[in-house]
Amino acid sequence: MNIILLGPPGAGKGTQAKGLQLRHGIAQISTGDMLRAEVAAGTEVGRRAKEIMDRGELVSDEIIIAMLGSRIEKPDCAHGFILDGFPRTVPQAEALDVLLEKRGTPIDAVIELRVNDEVLIERIAGRFSCAKCGASYHDTFKRPKAEGTCDVCGAHDFIRRPDDKREVVSARLVAYNNQTAPLLPYYEAQDRLRIVDGLADIEEVAGEIEAALETLPKRGVSHALTQS
Ligand code: AP5
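Owing to the predicted nature of the structure, the values given are computational and were not obtained by experimental measurement.

(A) Layout of a negative patch on the surface. A surface patch of like charges, here negative, comprises Asp197, Asp201, Glu203, Glu204 and Glu208. When residues in the negative patch are grouped by element, the largest group, 3 residues, is from helix 9 (residues 202-214). Looking at where Glu208 falls in the secondary structure, it is placed in helix 9. On the basis of relative accessible area, Glu208 is assigned to the partly exposed category, the value being 32%.

In structure tokens form, the structure reads like this:
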């Protein structure tokens, strides 16, 4: 199964993508995490991306599409994937359609996590993650079970993202509204879009996503034929 999670910064895409990965045994692909890894490794892509990410703008379609194209060829994507943060522009969505058509594995579901701006800012301002394994936490909504210790790997160091500063978050919201929101009608026209209330508790949102996946038309015979 191939799933896209759409939603503004802080909507809960990363949180829900990790849950979907565990429940469905498919790969989670976060283009934001991939870019942050390039920045940390000091690559040319990372150097170019960092300036753009620090301003809250979108990295060029050319870089992102090439990165995503290689990622979905990895063995862990053989049974499907969850895209968290991609596509973010109509050209990225069109390029994804072409890539998936070649593989014979189209997108099954696009889930929009709908959250209002005040909540987004509160969520992002309180977010932190484990410096070792990347597990995500929140000052109010999701603290580690044992204070100062990561629930997943037991590490004690935590970090906050440089683009989570309030002024950068505003720029990220503008980028979402101008460049990413036009993807909603794009996927609605394909009857792949389902809207989920991202304001509910994390577990409730997960339940709503599973319920929404049940409502999608099955790919059925034509999908099987294109794979043979
Ligand atoms: P990216 O890393 O993708 O960031 P984003 O889309 O801005 O999304 P976030 O990671 O901030 O939020 P999220 O929706 O994953 O929420 P989360 O689950 O963490 O992109 C960063 C940058 O990279 C972009 O600005 C751009 O420059 C570049 N980039 C990336 N992809 C690109 C692309 N395709 N094209 C061009 N440029 C690209 O949750 C947030 C917090 O809320 C957490 O603390 C969490 O615990 C909490 N929370 C989650 N759900 C709930 C809930 N239901 N109730 C209460 N708290 C909750």
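That was the structure; now back to the text.
(B) Focus on the site of the ligand. By nearness alone, 35 residues border the ligand, and Thr15, Glu57, Arg88, Arg127 and Arg172 come closest of all. A distance of 3.1 Å separates a nitrogen atom of the ligand from a polar atom in the backbone of Val59. Within the contact set of the ligand, an oxygen atom lies 2.9 Å away from a side-chain nitrogen or oxygen of Arg161. Taking 1100 Å² as the accessible area of the ligand by itself, protein coverage stands at 96%. If you list the elements that add at least two residues to the shell around the ligand, you get helix 1 (13-24), helix 2 (31-41), strand 6 (136-138) and helix 9. In terms of residue count, the dominant contributor to the shell around the ligand is helix 2 (4 residues).

(C) Expanded view of the environment of Arg192. Locating Arg192 in the fold gives a position in the loop between helix 8 (183-188) and strand 8 (193-197). The spatial distance from the C-alpha of Arg192 to the C-alpha of Val205 is 18 Å, given a sequence separation of 13 residues.

(D) Highlighting the layout of surface pockets. What the second largest pocket holds in volume is close to 170 Å³. Lining the second largest pocket are 11 residues; nearest its centre among them are Met1, Asp108, Leu213, Leu216 and Lys218. Element by element, the count of residues in the lining of the second largest pocket is highest for helix 9, at 3 residues. Residue composition of the lining of the second largest pocket, by class: 4 nonpolar, 1 polar and 6 charged.

(E) Molecular detail of the environment of Gly19. With respect to the element layout, Gly19 can be found in helix 1. Between the C-alpha atom of Gly19 and that of Pro75, which follows or precedes it by 56 residues, the distance is 20 Å.

What counts and how
Note that residues are indexed from 1 along each chain, following the sequence as it is written. The model is predicted, so local features are restricted to residues of pLDDT at least 70 and side-chain atom pairs to those at 80 or more, both for listing and for counting; the totals for chains, interfaces and linings are taken over all residues. Excluding hydrogens and water, the side-chain values take into account all heavy atoms of the structure. Any residue with relative accessible area above 30% and no salt bridge may belong to a patch, with like charges joined within 9 Å and the nonpolar Val, Leu, Ile, Met, Phe, Trp and Tyr side chains within 5 Å. For the accessible areas, the method is Shrake-Rupley and the probe is 1.4 Å, while residue cover comes only from the protein chains on display. Salt-bridge detection follows one rule: a side-chain nitrogen of Lys or Arg within 4 Å of a carboxyl oxygen of Asp or Glu. Counting rule applied: Lys, Arg positive; Asp, Glu negative; His and chain ends not counted. Note that the charge is assigned to NZ on lysines, CZ on arginines, CG on aspartates and CD on glutamates. Secondary structure elements are defined from DSSP: runs of H or I of at least 4 residues count as helices, runs of E of at least 2 residues count as strands, and each element is numbered from the N terminus. Each residue gets one of three labels from its accessible area relative to the maximum for its type: buried under 20%, exposed over 50%, partly exposed in between, using a 1.4 Å probe on protein chains only. Any residue with a heavy atom lying within 4 Å of a molecule or strand is counted as near it. Polar contact criterion, stated in full: a pair of N or O atoms within 3.5 Å, where within protein one must be able to donate a hydrogen and the other to accept it, and residues adjacent in sequence count only if both atoms are side-chain atoms. Cavity: a set of points on a 1 Å grid over the protein atoms alone where a 1.4 Å probe fits but cannot get out. Pocket: an open set with protein on both sides within 12 Å along at least five of seven lines, its lining residues, like those of a cavity, having an atom within 4 Å of a point. Grid points are joined across faces, edges and corners, and a volume is the space filled by probe spheres set on the points. Any residue outside Ala, Val, Leu, Ile, Met, Phe, Trp, Tyr, Cys, Pro, Asp, Glu, Lys and Arg is labelled polar, Gly included; the first ten of those are nonpolar and the last four are charged.

Keep in mind that these numbers describe shape and distance, not what the molecule does.
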